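Commentary on secondary and tertiary structure
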Amino acid sequence: MIYLKTVYADNAATTPLCAEAFEAMKQSMLEDYANASSLHTPGQIAAAKVLEARREIAELIGANADEIYFTSGGTESDNWAITSAALRGEKQGKKHIISTAFEHHAVLHTLKDLERRGFDVTYLDVHSDGYVRPDELEKAIRADTCLVTVMYANNEIGTIQPIDEIGRICKEKKVCFHTDAVQAVGHLPINVKAQNIDMLSFSSHKFHGPKGIGALYCRKGIILANFMQGGAQEHGKRPGTVNTPAILGTAAALKKSCADMEKNARYVSDLRDRLIDSILTTIPRSRLNGGRSERLPGNASFCFEGIEGESLLLHLDLKGICGSSGSACTSGSLDPSHVLLALGLPHEIAHGSLRLTLSEYNTAEDVDRIISVLPQIVAMLRDMSPVWERIMKEENSDAVQ
Ligand SMILES: *Cc1c(COP(=O)(O)O)cnc(C)c1O
């Protein structure tokens, strides 16, 4: 068997660890084993390193160190931010929340749970291009709205939302604004103060940091409810022994990502554009999901009529290419992606989806490999597809008329 180098094009699901984070974590695992809450010198040394990492991370998103709460990742941060805001709202008799239909399940399922508990949730339309309209958000705000939660950038189709305008509206209307920025932190410039963001969730493994750690930024003055009860860590709000190596790894990864942000964005979006242009021109009845202008540098999301995204993925995998049919969290279920349905795509088309997400670790050769095999795989699957046969028949009869 010929050994094929893996082409990893699933960076929206997770990213490889960077050398800087690995070194920071390795050193920390060996040296900073003392509990950062202990009063002895090694404990205090670990605590000082955690504080320094917290300051660095905070500064990179325009926050203060005491506004950063470390969590187990994006899912926990989303759950915590939303349930906290809901509890605060409930105490003031405000039980209305505004969000969108294409949020990550960490947000959507938390909202569904709140709906079962009597909250009213308005899901804003994301239109066929995958962007929320700020004027529609403004109109949806009511006297009893306690929270607006809109993701910074979508994990499946890569569209970047008008966060500055949403922040301005929420500030003016005095409504708490949370954003799931898991796909944005480390990839796009963020300043929570300038953008009027009250709460922001992020996750280390989406910017070449370790898995199982993330953070919630929560603006000073906004009270977070305790998720768990325990010790005094994270202002007593998120108890449990501090994960020193993961925190230092997060700081190292975020520093690196932010330092290289512009360079990476230019390099990765060039790769992405070549991939998109080639696929759309060589594969008939293919479409790009989401608008092209405000788009994450690495995201290329397609639908190919007449085939199943899952079969496509398996055939790509046989060629050593890793992609996704939607988000990793929905894979395994046979329903088409809720994100593609939110764009108004019919089920039949949404089933033929493929998400390829690149990072600065990808090369021009990776893109060449994808471009050289994808059209053949799509053609082969269409040859076996009764749906495709029907589409072709309809096309022919249209041509005759
Ligand atoms: C990956 C992701 C999450 C979940 O983050 P975890 O750290 O894996 O829990 C939440 N929201 C978005 C947009 C994501 O891409």
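Residues numbered from 1 in each chain as written. Predicted model: local features only at pLDDT ≥ 70, side-chain atom pairs only at ≥ 80, totals over all residues. Heavy atoms only, no water.

Digging into the packing of helix H2 (residues 41-60) against helix H7 (residues 244-259)
For the pair H2 and H7, the least separation of the axes is 9 Å and the interaxial angle reads 30 degrees. Of the possible angle classes, the one that applies to H2 and H7 is roughly parallel. The two elements H2 and H7 cross, and the hand of that crossing is left-handed. Where H2 approaches H7, its residues Ala46, Lys49, Val50, Ala53, Glu56, Ile57 and Leu60 are matched on the opposing element by Thr244, Ile247, Leu248, Thr250, Ala251, Leu254, Lys255 and Cys258. (Axes fitted to C-alpha atoms, helices over the stretch in contact; angles between N-to-C directions. Helix = DSSP H or I, 4+ residues; strand = E, 2+ residues; numbered from the N terminus. Parallel < 35°, antiparallel > 145°, perpendicular 65-115°, else oblique. Left-handed = near helix turned anticlockwise from the far one by under 90°. Contact = heavy atoms within 4.5 Å.)

A closer look at the pairing of strand S5 (residues 145-149)
Extensive coverage of S5 is indicated by the burial of 5 of its 5 residues. As paired elements, strand S3 (residues 96-100) and S5 share 3 bridges and run parallel to each other. From the neighbouring strand, isoleucine 98 faces S5, where its bridge partner is valine 148. In this sheet, strand S6 (residues 176-180) lies alongside S5 in parallel orientation, the contact comprising 3 bridges. (Buried < 20%, exposed > 50% of the residue type's maximum accessible area, 1.4 Å probe, protein only. Pairing = 2+ DSSP bridges.)

Regarding the pairing of strand S10 (residues 299-304)
Where burial is concerned, most of S10 is hidden: 6 out of the 6 residues are buried. A two-sided burial pattern is seen for S10, the buried positions comprising Asn299, Ser301 and Cys303 on one face and Ala300, Phe302 and Phe304 on the other. Strand direction decides the pairing type here: strand S9 (residues 286-288) and S10, joined by 3 bridges, are antiparallel. In the sheet register, leucine 288 faces S10, and the bridge partner there is phenylalanine 302. As judged from the 5 bridges shared by S10 and strand S12 (residues 353-357), these two strands associate in the antiparallel manner. Looking at the pairing, phenylalanine 302 lines up with leucine 354 of S12.

Here's the deal with the nonpolar core
Residues Ile61, Val148, Tyr152, Ile190 and Leu200 are the most contacted members of the largest nonpolar core, which totals 62 residues. If you tally residues by element for this core, the top one is H7, at 6 residues. Each of two domains, domain 1 (7-15 + 260-400) and domain 2 (19-259), supplies a minimum of three residues to this core. The residues touching leucine 200, leaving out its near neighbours within four places in the chain, are Ile61, His178, Thr179, Ala181, Val185, Ile190, Val192, Ala215, Leu216 and Tyr217. Formed by 28 residues, the second largest nonpolar core is a distinct cluster that contains Ile307, Leu356, Leu358 and Leu374. (Core = buried A, V, L, I, M, F, W, Y, C linked by side-chain atoms within 4.5 Å. Domains from an automatic or database assignment.)

Brief notes about the packing of aromatic side chains
Here the structure, examined in full by the defined rule, presents 3 aromatic pairs. Relative to phenylalanine 207, the ring of phenylalanine 202 lies with its centre 6.3 Å away and its plane at 40 degrees, an arrangement referred to as tilted. Residue phenylalanine 202 shares its accessibility class with phenylalanine 207, and that shared class is buried. The residue whose ring lies beneath lysine 95 is phenylalanine 119, and the NZ or CZ to ring-centre distance is 5.0 Å. The aromatic ring of tryptophan 388 is capped on one face by arginine 382, whose charged end is 3.9 Å from the ring centroid. (Phe/Tyr/Trp six-rings, centres within 6.5 Å; stacked < 30°, edge-to-face > 60°. Lys NZ or Arg CZ within 6 Å of the ring centre and 35° of its normal.)

Looking at helix H9 (residues 309-318)
Along H9, the residues that are buried comprise Gly309, Leu312, Leu313 and Leu316. Across the axial projection of H9, the buried residues extend over an arc of 100 degrees, all falling on one side. Exposed residues lying more than 90 degrees from the buried face of H9 are Leu314 and Leu318. On its buried face, H9 is in contact with S10, strand S11 (321-322), S12 and helix H12 (364-383). Glycine 320 sits one or two positions beyond H9 and adopts a positive phi of about 80 degrees. (Arc of directions from axis to C-beta.)

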